Amino acid sequence: MNKTLIFDLGGVLIDWNPRHLYRSVFDRESDMNFFLDNICTNDWNELQDSGRSIAEATAVLCNHFPEHTDHIKLYYDQWEKMLYGPIDESVHILKSVKDQGYRILALTNWSAETFPIALKRFDFLHWFEDVLVSGEIKMKKPDPAIFNLLVKRYKLDPKESVFIDDNIKNVAVSKTVGLDGIHFTSPYLLTLQLAERGIRIPT
């Protein structure tokens, strides 16, 4: 029982996607895809995950794309609609390892301003010993510094610490600091990957 499991949140335990909001906003899928690929992009969103304020981020885009101001403002005005819900099978895995007595932590790229919304909505986020939120510490995955901070702050033994993330780049960097990284692709495969490490998940 000396292993620590570190979970990513979005894409592993929570189904978050801007398309859950914008499908109800745009009449055509192609228009939505253009907007998210070229205006409210992943790169833009990740700057909020690094600590930039929502107010600044919104102002920057509205100044660059004034014709899209209404749609840009919706991104955070109705951000909660992007939280489709929990990935139930993954939450089952989390509960199982918690009930078995494993130490559980979370490491997430998330805006400090929106994370409290998720905390209120998802009870299982309170199961963790702690959640390291990128927007609060102003560094994010896959920067090796955030993994080094994780190890130092929580006094982890990297050889006994399993990091689970749906982004393969994050997993690759986690391994460079000695963590046992698992690339999450589905709850079913995660169950098998944990079993290989002696962590059994009852069905």
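Up top is the structure.
Residues numbered from 1 in each chain as written. Predicted model: local features only at pLDDT ≥ 70, side-chain atom pairs only at ≥ 80, totals over all residues. Heavy atoms only, no water.

A.B. asks: Got a sec to walk through the overall build of the protein? Specific residues and values, please.
C.D. replies: In terms of helices and strands, the protein carries 11 helices and 7 strands. For 203 residues, the compact-globule estimate of 2.2 N^0.38 gives 17 Å, and the protein sits close to it at 18 Å. Expressed along its principal axes, the backbone C-alpha trace of the protein runs to roughly 55 × 35 × 30 Å. Classification of the 203 residues of the protein by burial places 46% in the buried group. Approximately 10200 Å² of the protein is accessible, and the part contributed by carbon and sulfur atoms is 51%. Within the protein, the 29 negative side-chain charges are centred at a point lying 5 Å from the centre of the 23 positive side-chain charges. (Helix = DSSP H or I, 4+ residues; strand = E, 2+ residues; numbered from the N terminus. Rg over C-alpha atoms; globule rule 2.2 N^0.38 Å. Buried < 20%, exposed > 50% of the residue type's maximum accessible area, 1.4 Å probe, protein only. Areas by Shrake-Rupley, 256 points an atom, 1.4 Å probe, with all protein chains shown as cover. Lys, Arg positive; Asp, Glu negative; His and termini not counted. Charge placed at Lys NZ, Arg CZ, Asp CG, Glu CD.)

A.B. asks: Pulling in residues and values, what's your account of the packing of helix α6 (residues 88-99) against helix α11 (residues 187-195)?
C.D. replies: In helix packing, the relevant descriptors are the interaxial angle and the interaxial distance, both defined with respect to the helix axes. Where α6 contacts α11, the axes come no closer than 9 Å and their chain directions differ by 25°. When the interaxial angle is binned, α6 and α11 end up roughly parallel. Residues E89, S90 and I93 of α6 form the contact with α11, whose own contacting residues are P187, L190, T191 and L194. (Axes fitted to C-alpha atoms, helices over the stretch in contact; angles between N-to-C directions. Parallel < 35°, antiparallel > 145°, perpendicular 65-115°, else oblique. Contact = heavy atoms within 4.5 Å.)

A.B. asks: Describe in detail a nonpolar patch on the surface, supporting the description with residues and values.
C.D. replies: A cluster of nonpolar side chains, Y188, L189 and L192, forms an exposed patch at the surface whose accessible area comes to about 310 Å². Overall, L189 belongs to the partly exposed group, its relative accessible area being 37%. (Patch = residues over 30% accessible without salt bridge, like charges linked within 9 Å, V, L, I, M, F, W, Y side chains within 5 Å. Salt bridge = Lys/Arg side-chain N within 4 Å of Asp/Glu carboxyl O.)

A.B. asks: I'd love a proper account of the side chain of T114, names of residues and values included.
C.D. replies: Counting through the fold element by element, T114 comes out in the loop between β4 (103-108) and α7 (115-121). Assessed through its relative accessible area of 4%, T114 is described here as buried. Ignoring anything within four residues of it in the chain, the contact list for T114 reads I54, Y76 and W79.

A.B. asks: Could you give an account of the environment of V162, with specific residues and numbers?
C.D. replies: Topologically, V162 is positioned in strand β6 (residues 161-165). Taking the C-alpha atoms as reference points, V162 and S174, separated by 12 residues in sequence, lie 9.6 Å from one another. Each residue touching V162, except ones within four places of it in the same chain, is listed here: K3, T4, L5, I6, D180, I182, L194 and R197.

A.B. asks: I'd love a proper account of the pattern of salt bridges, names of residues and values included.
C.D. replies: Oppositely charged side chains may form a pair once their charged atoms are brought near each other. A complete count under the given rule lists 10 salt bridges for this structure. Measuring nitrogen to oxygen at the nearest pair gives 2.7 Å for the salt bridge that ties K95 to D99. Within this pair, K95 and its partner D99 are both found in helix α6, separated by 4 residues, close to a single helical turn. Accessibility expressed as a relative area gives 40% for K95, which makes it partly exposed. One salt bridge in this structure joins R103 and E129, with 2.7 Å as the shortest N-O distance. Of this pair, R103 sits in strand β4 while E129 sits in the loop between α7 and β5 (131-133), placing them 26 residues apart in sequence.

Scope: geometric values only; no functional claims are made or implied.
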